[in-house]
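# What the coordinates show
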Amino acid sequence: KPCKPKPSCNISPSAFRPHVLSRDRIRLWSAPHSNSFHLALLDELSPDPALHLLDVLLASVEPKTRENYGSGLLRFHQFCDSLSITEEKRMPASEILLAAFIAHWAGKVAATTADNWLAGLHFWHQFNNAPWHGDSLLRRSKTGLSKLVPDSSKRPRRPPVTIEHMHALFCNLDMSNSFDSAVYCTASVAFWCCCRLGELVVPSANVFDPSRHIARSSHVSRNTAANGTMFSVFHIPWTKTTHGEGADIVATKLDDPTNPYDALVHHLSANSSVPPHAPFFAFETPDGWSPMTRTWFITRCNNVWASAGLPLLTGHCFRIGGATELLLRGTSTPPDIVAAQGRWKSRAFLEYWRRIESILPLFITNSFNSSRMSLVHSSMDSYRRLY
């Protein structure tokens, strides 16, 4: 149920914009153009397939993303209200209107915020089959906004979970305790397998969706590589990038006491009575079992780190830290292998590098290998003979 809007979220009353939840604005906020589109849709299709088409279009965007998009629609229409822009001109929005909207927020919001708002506007146009007029003028406005971002909107890069953080968990968690065993396993897999925490744990105790969250019934295979290294593989049903296709997670037995292979073996043994329908990282309790929630996990980790005098961190810092630690191992873990471990498929992977000043020399030195050194010495010998 929509709550009363905050003063900053007020908008001029309009039949085109009913008071609904943010995530429902894409579907329920309209314009004269969208009404024309719906009439054209019903002219070609009967109501059921027409409604199904709209449902499928909405399903292409995650609910949380639709909520963010709804914020962009609100800000756009507030801007239009301030200039008395007519309903007909709000969709399709002209490039001048779009560029002016972005320029209005220059020096007030971060570039990522503006990009999200524009993405919401773009999808609103697509959902209503309206042309999108974002071109060079809008791109220049976005560039200008990015150069005028206020300091208050700039966030420092999140620090990584370090190997010291992991060793503190290993030394201070009670491995005879079912809850601590589950915390430790979650941390080890999130770190060494470069997982997003939301791929492993549930957001709250009453929220478990087998299509989104890995269940205890998931098969965990144990294997041995050609070089004798042991590893386990299990499948998570959903990721941020592959959605319902999910992904296989490879937990390798590394030369570190916090390696995920041993952590998995211990967790499955320490919590062996957890039923198959429970979340994978659930733990035994005197009354049965409980799911591992994000809040419980982060709170326990931070309690250990605070006692050890280490910085307190958030869930996503595990993925960042795991990638950084693997890269710091230099020649034994090339960047493309780290990208595969974290399932990165774009250069966005580079955003997760931390301590880059320590990582680059490892690979630059390795690339300057003995064969190249031989070429250098041969070239120097030729130079000496000439002079």
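Check the entry above for the structure.
Residues numbered from 1 in each chain as written. Predicted model: local features only at pLDDT ≥ 70, side-chain atom pairs only at ≥ 80, totals over all residues. Heavy atoms only, no water.

Turning to its location among the elements, H277 is positioned in the loop between α10 (260–270) and β4 (283–285). On the basis of relative accessibility, which here comes to 55%, the residue H277 falls in the exposed class. Taking C-alpha positions, H277 is 8.5 Å from P210, a pair spaced 67 residues apart along the chain. Residues within four places of H277 in sequence aside, it is in contact with F208 and W289. (Helix = DSSP H or I, 4+ residues; strand = E, 2+ residues; numbered from the N terminus. Buried < 20%, exposed > 50% of the residue type's maximum accessible area, 1.4 Å probe, protein only. Contact = heavy atoms within 4.5 Å.)

Right, let's talk about the nonpolar core for a bit. Among the nonpolar cores identified, the biggest contains 49 residues, and V189, M292, F297, W305 and F318 are the most heavily contacted of them. At the level of elements, α8 (163–172), α9 (178–192), β2 (230–236), β3 (247–252), α10, α11 (294–307), α12 (317–328) and α13 (335–341) are the ones that each hand at least two residues to this core. No other element matches the 10 residues that α9 contributes to this core. Core analysis: the next-biggest nonpolar cluster, separate from the first, contains 35 residues, I85, I102, F127 and A130 among them. (Core = buried A, V, L, I, M, F, W, Y, C linked by side-chain atoms within 4.5 Å.)

Let us look at α11. Look at α11: 20 Å from first C-alpha to last across 14 residues, which is about the 20 Å you get at 1.5 Å a residue. Three or more residues of α11 are buried, namely F297, I298, C301, N302, V304 and W305. Take α11 and look down its axis: the buried residues cluster within an arc of 160 degrees, on one side only. Set apart from the buried face of α11 by more than 90 degrees, the exposed residues are T295 and S307. The first or second residue beyond α11 is G309, which carries a positive phi of 75 degrees. (Expected span 1.5 Å × (residues − 1). Arc of directions from axis to C-beta.)

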